[in-house]
Amino acid sequence: MKPNKFRFSALTIRLLLIFLTVLCAVPFVVVFINSTHSSLDIIKQFNILPGDSLGENYQTMQSLVDIWRGFVNSVVITVPYTLLTGYFGAMIAYGFAKYRFRFKNVLYAIVLVSMMIPSQLSIIGFYRLCLNLKMTNSYLPFIIPGIANATTVFFLRGMIEQSISDSMIEAPRIEGCSEFGIFNRIVLPCIMPGVATMCIFNFVASWNAYMGPLIILQRKELYTMPVMISMIKGLYVTNYGAMYLAVAISVIPIMIVFAIFSRYIIDGLTTGSEK
Amino acid sequence: MQAAPEMQAPRKRKSRLDRGWHGYLFIAPFFVVFLIFGLYPIISTFQLSLQKWDGMMPAIQIGLRNYARIFGDQVFYLSLWNTIRIWFGNAIPQFGMALVLTAIFTFFRVRGKNFYRAVFYLPNLITATSVGLLFNLLLEGDHSPINQLLVTLGVSGAPISFFMNKTLTSGLVSFVQWWMWFGYTTVIILAGTTTVDKSLYEAAMVDGASKSQTFWKITIPLIQPTLVYLAITSFIGGMQLFDVPLTLSNNLGDPGKAVLTVSMYLYNQGFKNFNYGYSATISCVLFLFIAVMSGFAYKAMRRKDGMYKL
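All figures in this text were calculated on a predicted structure; none of them were measured in a lab.

**Student:** How do you make sense of helix H11 (residues 224–239) of chain B when you look at a structure like this?
**Tutor:** Each α-helix turn comprises 3.6 residues. Residues three or four places apart therefore point the same way. Residues and elements named next belong to chain B. Here H11 contains 16 residues, and its C-alpha end-to-end distance of 22 Å stays within 8% of the 22 Å for a straight helix at 1.5 Å per residue. Of all 16 residues in H11, twelve are buried, a share of seventy percent or more. Within the span of H11, buried status applies to Gln224, Thr226, Leu227, Val228, Leu230, Ala231, Ile232, Ser234, Phe235, Ile236, Gly238 and Met239.

Below, the structure written as C-alpha cells:
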C-alpha cells in the first residue's frame, strides 16, 4: 500500500466520522439553544449562542400544557414496569435455566415466538381487552405486561446458564433454604449486572412507548410524555420557544441515562447480539 | 401436584430433577400475563377482523366482508407502498453506512471508537415522537433553522417548503429513520465482527489480499447471520412505522397521504373513524404480509450460503 494513499484515506475517514458526529449532535444542540430564545429570535435568525428567554418560554410552555405532569405520569408507568421486567424476567429465566420439567422446550419456544410477534399489530385487540377489563384510563395495561418480557427472559436465561453453577444452588438447598429463597438470595444478586442492563433497555422502551398510551389513555391529565409531545404542535401554534423547550425537556432524561450508562447499554447490546 | 415429588424425594438424590414443579411455579407468571396481555389481544384482533364494531354497540359478525373491502382499498395499497418505500429509503443507506463504518473500525486503528459508537447510537434511544417533532421544528416553514442556514449559504431555491412536496417529505421520513437507526445497526454489526477470528485477516493479508477483498470475502460472509437478523428485524419494525411520520408530518401523512403508513392508516380507521373491525383486518393483513415476506427473506438470504448456520 502506498503511504500517501493511506494518508488520504485516513483523512477521509476522520472527516466522515466528524461529519456523522456533527449530524448526530447538531439537532440536539439547536433544540437546547433555541429553547432559550424567544419565538421571534428563532424565526429571525439561526441562533448559535444561548439566549435569555428561557424563563419566558418556560412560563408559556407551562401555561398551555403541564409538561411536568406528563413527566411524572411517564415515571409512574416506567419505573414499576422496569422493576417488573427485571425481577420477573430473572425469575422466569431461572425457572427455564435450572429446572427440568415436562414441556419445557415447548414452553420456551412460546417465549421465543412471543418475542417475534409485532405487538403493535394486535393493538385493536389490546384496546378491546382494556375496555372489557375497564382499564382504559389506567396505567396497569402498561405496567403489568412487564412481567412477561420475553427478551429479558431470553437474555437472562443465557446468563444464568453461564454464570450460575448447579452446586451454587444445591448447597443452600441442602442447608434447607427454600427454592424461592435461593432465587432471591443467591441467584438474583449474582446476575444483577445482567438484570440492570436489561432494565436500562426496558426503561428506555417504556419511556418511549407511544401508540399504546395514545389509545388507552383518554383523560388529558393522564397523558405520558410522548403523547403530550405529539400533541403540542397543535397547542403551541407559533410559540416556537416553548415547543423547543418542551422537546428539550423530553430528551434530557434519556440523555442523562445514556451519559451515565452508555457503557452498559452498548455492552448489553453487543453481548445480546452475539448469542 | 405438590405432593407427588415430596413422596419420591427420599428415594432419589436431591437434585434439580426433583424440583420440577418449582420450575412451573417460576415460569408461571410469564404465561399468565402473556395469555392475557399478549395472546388474547391477538385472538381478539383476528375475531374483530370478521366483525363490524364501532366501539359502542355490540359487534356484528360480517364474515369476510372486511377482507373483501381491503382488496379494493386504494388507500391501503398506497399506505403499504409508502411503508415499503420509506423502509427501503432508510434501510439501504443504513446498512451501507453501517458496513462502511464497520470496515473503518475493523481495518483502521481509529482513536475514539467507543466515543463514536456511543454518539451514533444516541439518536436511537430518544423518544421517536420527540425526534419527529424536533425535525419538524428544524425544517418546517420559511424561517425554520434549516431554511435560514440554506438561505445564508446561498442555496438556490431556498427557503424550501419541505412539507409541500411528496417526494421530499417521504425522503425526509426515510432520512429521520436513517438518522435514528444507522448507529444501532453499526453497533450490532461491529459486535458481529468481534467473533471473526483475527488470524483469518492476517492469513488473507499474507496471501496478498487487499483490505476491500478481505472485507467482502471474509468479513461479510462470516457476519452473514448478524446481517440476516438485522435485515429481518429492521423490516418487521419498518413495516410498523408510526411515530416518526405522524409527528414529522401529521396524522394524515400529508402532503397527499405521501407518508401515510399502514400503522397510521389502521390507527385512523380504528380510533378516528371508529371502524374497529376494518382496522383489525388491516392489522391481520399486515401481519400476514410481514410473516410471509420475512419468511421469504430469511430463506433467500440463508440459501446464498448454506455453510453458515444462524
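**Student:** Would you take a moment to explain the packing of aromatic side chains for this structure?
**Tutor:** Given two aromatic rings, their pairing is described by the distance between the two centres and the angle made by the two planes. Under the defined criterion, the tally for this structure stands at 46 aromatic pairs over all chains. Between B:Phe30 and B:Phe31, the aromatic rings sit 5.2 Å apart at their centres with planes inclined by 70 degrees, giving edge-to-face as the arrangement. The buried category is assigned to B:Phe30, whose relative accessible area is 0%. The class of B:Phe31 is buried, set by a relative accessible area of 15%. Connected via pairs of aromatic rings, a cluster forms that spans A:Phe28, B:Phe115, B:Tyr116, B:Phe120, B:Phe135, B:Phe175, B:Trp178, B:Trp179 and B:Phe182. A cation over a ring is seen here: A:Lys104 above A:Phe101, with NZ or CZ 5.8 Å from the ring centre. The ring of B:Tyr278 is capped by B:Arg69, whose NZ or CZ atom sits 3.7 Å from the centre of that ring.

**Student:** Is there a simple way to explain the interface of chain A and chain B in this structure?
**Tutor:** For an interface, size is often stated in terms of accessible area lost upon the parts coming together. Each partner contributes residues to the interface: chain A has 97 residues there, and chain B has 93 residues. Across the interface of chain A and chain B, roughly 8600 Å² is buried in total on both sides, 75% from carbon and sulfur atoms. Broken down residue by residue, the surface that chain A buries against chain B is led by A:Leu121, A:Ile124 and A:Arg128, which jointly contribute 9%. Linking chain A with chain B are zero salt bridges. Linking chain A with chain B are 18 residue pairs in polar contact (both at pLDDT 80 or more), by the criterion used here. At 16 residues, the largest contribution of residues to the side of chain A that touches chain B is made by helix H14 (residues 240–274) of chain A. Across the side of chain A that touches chain B, the residue classes tally to 67 nonpolar, 17 polar and 13 charged.

**Student:** It is not clear to me how helix H11 (residues 192–208) of chain A should be interpreted in this structure. Could you clarify?
**Tutor:** With 17 residues, H11(A) should reach 24 Å at 1.5 Å per residue; the first-to-last C-alpha distance of 24 Å fits that figure. Burial within H11(A) is extensive, with 13 of its 17 residues counted as buried.

**Student:** How do you make sense of the side chain of A:Thr224 when you look at a structure like this?
**Tutor:** Structurally, the position occupied by A:Thr224 is in the loop between helix H12 (211–216) and helix H13 (225–236). With a relative accessible area of 4%, A:Thr224 lands in the buried category.

**Student:** Could you clarify how one ought to interpret the environment of A:Thr82 in this entry?
**Tutor:** Residues and elements named next belong to chain A. Among the structural elements, threonine 82 can be located in helix H4 (residues 67–98). Since its relative accessible area comes to 8%, threonine 82 is described here as buried. As a C-alpha pair, threonine 82 and methionine 198 span 116 residues in sequence and 8.8 Å in three-dimensional space.

Conventions and cut-offs
- Residues numbered from 1 in each chain as written.
- Chains lettered and ligands numbered in written order.
- Predicted model: local features only at pLDDT ≥ 70, side-chain atom pairs only at ≥ 80, totals over all residues.
- Heavy atoms only, no water.
- Helix = DSSP H or I, 4+ residues; strand = E, 2+ residues; numbered from the N terminus.
- Expected span 1.5 Å × (residues − 1).
- Buried < 20%, exposed > 50% of the residue type's maximum accessible area, 1.4 Å probe, protein only.
- Phe/Tyr/Trp six-rings, centres within 6.5 Å; stacked < 30°, edge-to-face > 60°.
- Lys NZ or Arg CZ within 6 Å of the ring centre and 35° of its normal.
- Contact = heavy atoms within 4.5 Å.
- Buried area = accessible area lost by both parts, 1.4 Å probe.
- Salt bridge = Lys/Arg side-chain N within 4 Å of Asp/Glu carboxyl O.
- Polar contact = N/O pair within 3.5 Å; in protein donor to acceptor, adjacent residues only side chain to side chain.
- Nonpolar A, V, L, I, M, F, W, Y, C, P; charged D, E, K, R; others polar.

Function cannot be inferred from these measures alone, as they are strictly geometric.
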